[in-house]
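# Tertiary structure, described
Residues per chain are reported as follows:
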Amino acid sequence: MKKFAARLEQFLELGGTKKKIIFLVISGIALLISIFDLIPLPFNTAWIAIVLCGVPIILEAVIGLITSFDIKADVLVSLALIASICIGESFAAGEVAFIMQLGALLEDLTVAKARAGIEKLVHLTPQTARIIEGDKEKIIPAEMVKVNDILRVLPGESIPVDGVILSGQTSINQAVMTGESLPVDKAAGDMVSSGTVNQVGSFDLKATKVGEDSSIQRMIRLVQSADAGKAKIVGIADRWATWIVIIALSAAALTWMTSWALSLAAGSAALVGLAAALAAQTPMRRGAAQISASAWCSALWRPSTAAQKPSASTGRTPAPNAAARARPREPAPRHARTATAPAM
């Protein structure tokens, strides 16, 4: 089963970001056609968004459950999509699936940008250093430099380690560390950081921080930890997701036991609200929470038009529901109750 889940996950990754963008564009157009009824079609075009955006969410939820019993926002969103389809709210299902996938795409782009920044920092890390031993210069790997070693940096070279200038004057491009656009003049006694670039003039420096303690390596570790770390809301969601699923399903079951007419609607609304609240980890998903909540409120309170149309089989208008029958009849106007005398 896990092998099947792994193959399914590989299939979902085919096409990468380009496929996701194309699916989102098609789904967005389909939702616009559905809401404004631009093109008369024999089916609701919101189903296109459900298939392109909703099915991947459901499959990812299944993969998480099979591989590691991982109950997260995808599981709740999947339950909400299935429940919304059951009550005929296809547009709301497509809308939620579209916005959730859009938020996921923005997250992927943000992560990709952070990883590109890490790769750029790694490429800026000097690979070699020119060490002075007596009257000779020797080029060695940068990771072999030790504290208190004397190094020489020529014009155009990157500084391999953090240190203090012993002799010479130069200008240092510190844009990689501080973002300064103009070079900074340095002289004997000034500190220089690894990864910065020597612009003019050569100088000798004494190594003070090397290897993993250097400035460039510390910056790389900070960016990596920020990329891998989870936000506080994500940790809370992961911790309470299982219990929220149980509570949501219990509420839906209790509603079904109370009234079949409202069971799927109320259960679906609860599931959508919980899923959107759990998934509100990015601005786009917070927007999904607000939009889905408003959509489901309108769906729950929209008057039914089925009771106003005659039945296709009998040709009769269905009887009013129990609430309408229980409503007290308004008294007739006074002038209507007064009998009129017959004309003579």
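Residues numbered from 1 in each chain as written. Predicted model: local features only at pLDDT ≥ 70, side-chain atom pairs only at ≥ 80, totals over all residues. Heavy atoms only, no water.

## Some details on the overall build of the protein chain
What counts, and what does not: Note on conventions: DSSP H or I runs of at least 4 residues are helices, E runs of at least 2 residues are strands, and numbering of each starts at the N terminus. For every residue, the accessible area (1.4 Å probe, protein chains only) is compared with the maximum for its type, and the residue is labelled buried under 20%, exposed over 50%, or partly exposed between those bounds. With residues, only the protein chains shown are counted as cover, and all accessible areas are computed by Shrake-Rupley using a 1.4 Å probe.
Summing up its helical and strand segments, the protein chain has 12 helices and 9 strands in all. Here the protein chain holds 344 residues, and the buried ones make up 33% of them. Counting every atom, the protein chain has about 21,500 Å² of accessible surface; 63% of that belongs to carbon and sulfur.

## Side note on the pattern of salt bridges
In plain terms, the rule: We define a salt bridge as a contact between a side-chain nitrogen of Lys or Arg and a carboxyl oxygen of Asp or Glu at a distance within 4 Å.
The final tally for this structure, using the stated rule, is 6 salt bridges. Where Arg 130 meets Glu 137, a salt bridge forms, and the shortest distance between an N and an O atom there is 3.4 Å. You can call Arg 130 buried: its relative accessible area is 15%. For Glu 137, a relative accessible area of 41% corresponds to the partly exposed category. Note that Glu 212 is salt-bridged to Arg 221, the shortest N-O span being 3.0 Å. In this structure Arg 221 comes out as partly exposed when scored by relative accessible area, which is 36%. Linked by salt bridges that have partners in common, Arg 130, Glu 137, Arg 152, Glu 157 and Asp 204 make up one network.

Shape descriptors only; they carry no functional weight alone.
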